[in-house]
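Geometric and topological summary
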Amino acid sequence: MPRPPLTLHSEAYSASGNLAADGYLKLLGAPSIDRVQTVVREAVQNSCDAALSDGGAEVHFRLRTLDPEQAAILSVEILSQRPLDVKAAGSLDDFLSSESLRVLEICDFGTAGLAGPTRADLASDDEPTDFVDFLRNVGSRRNTVHGGGTYGYGKTSLYLASRCSAIVIDTQTSFAGDPVRRLIAAQLGSAFDADDPHGVRRRFTGRHWWGVSADGEEYVDPIEGREAADLADAIGFPARDVTQSGTSIMILDPAFVGTDCEHAMSLVQEALLWFFWPRLIEDTPETRKMHFRIFIEDTEYPLPQPEDFPPLDLYARAMKALRTDPASGEEIRSFRPNRMLGRLSMVRGLRADRIAPAGREGSLFPERSAAIAVMRPVELVVRYYEGAQLPDDRFEWAGVFVASDEQIVEAAFAEAEPPAHDDWQFEALADKEARSIVRIAVRRIKVAAAEYANPPPAAPIAGDTGPSLATVAGLFGRVLEGEGEGAGPRAPGGGGGGASRGGAGVSRPLFLRLEEGRDGPVAVFEMVVRGDGAANSLLLEPALVMDGGTAAEAPSTIKPSVLDARDDLGESLGSGTRIEIGDRVGRFEVAVAMPPDCAVTLGARLSAAANE
């Protein structure tokens, strides 16, 4: 008996308004990563969040061509009805009438699938809402503790990866305690006007679904049960039963695939390794480990083990150190309040030759590694902060930062991620405490990346105007070499650690970086103030170190000056050699202006605000 075709439902605007598909597609913003990386990250992140508690998830990426029978079923039984929007219908026609129908399947196993009700308007306290959050809702808050995603905007990347903005979804999942198989298709087009089935001229959002008509309702449900399983089998989805829960997503006519299929899938391999190596290394607990398999048609292309894939071998070493000894590495802390934000581990080693899929032009993997991979406790790489190369080009280094799993800290980093989860954008956070948490951590990470090569080379300033920082950077390098990790010789009469009362004091200022100021180079120092709850003044004493001379030999007209002092929250406290800090404690940054061809040192001490 032939199967009846699925029914098309095109969403009309409600009287109170809707989000147009055009806007839906733009919710992802402008990611810093490309389309392939975005799709891979979104799909795997969803699988990580949906993984069952008794084991890690397995995800397959398969690029294949539908055989004639599968192509006919897709065209006649699933997508037989076309949207009234000419553009959306035309893109489907172009694909379905092509000589070969190529699709990219992303299938996970060992996950919960798209569980819960299929209607978005019904409250359900005891059921997950994965189906409606993926297929119907926009901007639903995550319900996975320490999960990878936030509001699910990244799912738009799956539609963007299709030249016809269409996907087919097959899921083995559960609802109300019972297993259920579901299949539905969806497309994102553009808003349009058309006559509805009753001849009424209406506006439509551009969102389309193919499923089973719901009597008297303006929506379609997925086809379910044995009929869904048969239809999924007929178009070549992986076989499933109630013991193989999970979701398969078929991206129609993948936009990044051209004539070279192996090149296209090598991009997928790279993205998997670059962003998910923490879930692939040997010491990852089985309950969190991810397993990836990559196919072109029926040929499998094995994914290298990160420990055997430079430079991920260095990142794996750094991660293993953090996992083996939670107290290892460097604590990244804030001091007001005193809170651990995360841990940083950094390693160096001999540079090894790159192997496929790395080594090609435009590869994600650099020829020499010098960066810190940052992540939340879910251990999915958010991004890499690049640093200075080691002076000896035979060596390279890698670092790993894992944010604290304390709820307020983890939530701050999660909120700082844009829809593509490819950055920590603290500037956009409205909550002052959350903004401070992420800002402080990012600043420490950037400083660590810049200083690990000790000292980093400074690039000359482009153009003919303004002094170059290269000479000054060299001077700072010699100063630091002579005095260890401090900021050079102590300023006359100053130095760090001075205290005016018991329990209060300031650490020795440490040189952070050079900046190009309006009137010349600026040195930025960092120090930590310990307080006893009383009001204090911070007395700052900058001094010069000349090239080939001492500060005492400098002309009296050439003097460094304190341009600005800022507390841990970035608030400016003024300029000059006396800064009123009140009862503030924690880390402070001080910017010191200086003439060209000099290095500057800084002394600091505390004084009672009313005394000196």
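For every chain, the first residue of the written sequence is number 1, and numbering continues from 1 along that sequence. Residues qualify for local features only when their pLDDT is at least 70, as the model is predicted, and side-chain atom pairs are given and counted only at 80 or more; totals for whole chains, interfaces and linings, by contrast, use all residues. As a rule here, side-chain values come from all non-hydrogen atoms in the structure, and water together with hydrogens is ignored.

Here the focus is the overall build of the chain. When helices and strands are tallied, the chain shows twelve helices and 25 strands. By definition, residues are in contact when any of their heavy atoms lie within 4.5 Å. Partitioning the contacts of the chain with sequence separation of at least 6, the portion at a separation of at least 24 is 72%. Using a 1.4 Å probe, the Shrake-Rupley method yields the accessible areas, and only the shown protein chains count as cover for residues. On the chain, roughly 26600 Å² of surface is accessible, and the fraction owed to carbon and sulfur atoms is 50%. A helix here means a DSSP run of H or I that spans at least four residues, while a strand means a run of E at least two residues long, and both kinds are numbered starting from the N terminus.

The predictor reports its confidence for every residue as pLDDT, a score running from 0 up to 100. A residue-level look at the chain finds 83% of positions with pLDDT of 70 or above and a mean pLDDT of 83. The low-confidence segment residues 547-557 (pLDDT under 50) makes seven contacts with residues lying over four places distant or belonging to another chain.

Relative to the elements of secondary structure, Gln37 occurs in helix α2 (residues 35-50). Judged by its relative accessible area of 9%, Gln37 falls in the buried class. Note on exposure labels: buried denotes an accessible area under 20% of the residue type's maximum, exposed denotes more than 50%, and partly exposed covers the range between, all computed with a 1.4 Å probe on protein chains only.

So, about the packing of aromatic side chains. In this analysis, rings of Phe, Tyr and Trp, with Trp reduced to its six-membered ring, are considered paired at centre separations within 6.5 Å, and the interplanar angle assigns stacked below 30 degrees, edge-to-face beyond 60, and tilted for intermediate values. Counted according to the given criterion, the structure contains twelve aromatic pairs. Considering the side-chain rings of Trp277 and Tyr315, the 5.8 Å spacing of their centres and the 45° angle between planes classify their relative orientation as tilted. Note that Trp277 is positioned in the loop between α8 (261-276) and β11 (291-296) and Tyr315 in helix α9 (residues 312-324), a separation of 38 residues in sequence. Accessibility expressed as a relative area gives 1% for Tyr315, which makes it buried. Measuring from centroid to centroid gives 4.9 Å for Trp397 and Tyr452, while their planes differ by 50°, and the two rings are tilted.

Since the α-helix turns once every 3.6 residues, residues separated by three or four places project in the same direction. When helix α10 (residues 407-416) is considered as a whole, its buried residues turn out to be Val409, Glu410, Ala412, Phe413, Ala414 and Ala416. For α10, the secondary structure elements touched by its buried residues are β14 (338-350), β17 (395-403) and α11 (432-451).

Another aspect to go through is the packing of α2 against α8. Contact geometry for α2 and α8: axes closest at 9 Å, N-to-C directions at 55°. With respect to their mutual orientation, α2 and α8 come out oblique. Regarding α2 and α8, the two cross each other, and that crossing is right-handed. On α8, the residues touching Val36, Gln37, Val40, Arg41, Val44 and Gln45 of α2 are Leu267, Val268, Ala271, Leu272, Phe275 and Phe276. Polarity classes work like this: nonpolar for Ala, Val, Leu, Ile, Met, Phe, Trp, Tyr, Cys and Pro, charged for Asp, Glu, Lys and Arg, and polar for all others, with Gly in that last group. Here the residues of the contact of α2 with α8 are counted per class, giving nine nonpolar, two polar and one charged. In this description, a line fitted to the C-alpha atoms serves as the axis of each element, helices being fitted only across the stretch in contact, and the angle between N-to-C directions of two axes falls anywhere from 0 to 180 degrees. When describing relative orientation, an angle under 35 degrees is termed roughly parallel and one over 145 degrees roughly antiparallel, while 65 to 115 degrees is termed roughly perpendicular and anything else oblique. Less than a right angle of anticlockwise turn of the near helix away from the far helix marks a crossing as left-handed, whereas a clockwise turn marks it as right-handed.

The next thing to look at is the pairing of strand β6 (residues 192-195). Side chains Phe192 and Ala194 of β6 all project onto a buried face; the interleaved residues Asp193 and Asp195 project onto a face where none is buried. Hairpin connection, β6 to strand β7 (residues 201-213): the antiparallel pair is bridged by five residues, and Gly199 has positive phi, about 80°. Following DSSP output, two strands are said to pair if at least two bridges run between them.

This part is about the pattern of salt bridges. Whenever a carboxyl oxygen of Asp or Glu lies within 4 Å of a side-chain nitrogen of Lys or Arg, that contact is scored as a salt bridge. Going through the model one piece at a time under the given rule, you end up with 38 salt bridges. The salt bridge partner of Arg3 is Glu77, with a shortest N-O separation of 2.7 Å. Taken together, the residues Arg3 in the segment before β1 (7-12) and Glu77 in helix α3 (residues 68-78) connect sequence positions 74 residues apart. Overall, the relative accessible area of 34% leaves Arg3 in the partly exposed class. For Arg444, the salt bridge goes to Glu526, with nearest N and O atoms at 3.3 Å. With a gap of 82 residues between them, Arg444 in helix α11 and Glu526 in strand β20 (residues 520-530) connect regions that are remote in the sequence. The class of Arg444 is buried, set by a relative accessible area of 9%. What makes Glu526 buried here is its relative accessible area of 10%. Each of Arg62, Arg64, Glu105 and Asp298 takes part in a single network of salt bridges with overlapping partners.

When helix α7 (residues 225-234) is considered as a whole, its buried residues turn out to be Ala228, Ala229, Leu231, Ala232 and Ala234. For α7, the secondary structure elements touched by its buried residues are α3, β4 (166-175), β5 (178-188) and β9 (223-224). Within two residues after α7, Gly236 carries a phi angle of roughly 90°, on the positive side.

Turning to the sheet that holds β14, a few remarks are in order. The strand order across the open sheet formed by five strands is β13-β14-β17-β15-β16, and the pairing between neighbours is mixed. Of all strands in the sheet, those with a lone pairing partner are β13 (330-335) and β16 (381-386), marking the two edges. Mean inter-strand twist for the sheet, computed between neighbouring axes without regard to direction, equals 25°. Pairing of β14 with β17 involves nine bridges; the strand directions are antiparallel.

Our focus in this paragraph is the environment of Phe413. Among the secondary structure elements, Phe413 is positioned in helix α10. Among the residues examined, Phe413 registers a relative accessible area of 0% and is labelled buried. Taking the C-alpha atoms as reference, Phe413 lies 9.6 Å from Asp423; in sequence the two are ten residues apart. Sequence-distant contacts of Phe413, that is, excluding residues within four places in its chain, are made with Leu341, Arg376, Phe401, Ala403, Trp424, Ile437, Val438 and Ala441.

So, on to unusual backbone geometry. That bond from Pro310 to Pro311 is cis: its omega, 5°, falls within 30 degrees of zero. Within the secondary structure, Pro311 sits in the loop between β12 (299-300) and α9. With omega at 10°, the peptide bond leading from Ala356 into Pro357 counts as cis. Topologically, Pro357 is positioned in the loop between β14 and β15 (370-375). Even without being a glycine, Ala176 presents a positive backbone phi close to 55°. On the secondary structure map, Ala176 appears in the loop between β4 and β5. Positive phi, normally seen in glycine, also occurs at Asp253, with a value near 50°. Turning to its location among the elements, Asp253 is positioned in the loop between β10 (246-252) and α8. Classification of Asp253 by relative accessible area gives buried; the value is 19%.

Attention now goes to the environment of Leu252. One can find Leu252 in strand β10. A relative accessible area of 0% means that Leu252 is categorised as buried. On a C-alpha basis, the gap between Leu252 and Leu104 in space is 6.8 Å, while along the polypeptide they are 148 residues apart. Not counting residues up to four positions away in its chain, the partners in contact with Leu252 are Leu74, Leu79, Phe95, Arg102, Val103, Ser162, Arg163, Cys164, Ala166 and Val168.

Now for the pairing of β5. Within β5, nine of the eleven residues are buried, which leaves it mostly tucked inside the rest of the structure. Direction of pairing for β4 relative to β5: antiparallel, over a ladder of ten bridges. From the neighbouring strand, Ala166 faces β5, where its bridge partner is Gln187. As consecutive antiparallel partners, β4 and β5 are separated by two residues, and within that stretch Ala176 has a phi angle of approximately 55°, a positive value. Strand direction decides the pairing type here: β5 and β9, joined by two bridges, are antiparallel. If you follow Arg182 over to β9, its bridge partner there is Glu224. By the bridge criterion, four bridges tie β5 to β7 in an arrangement that is antiparallel. Across the sheet, residue Gln187 finds its bridge partner in β7, namely His208.

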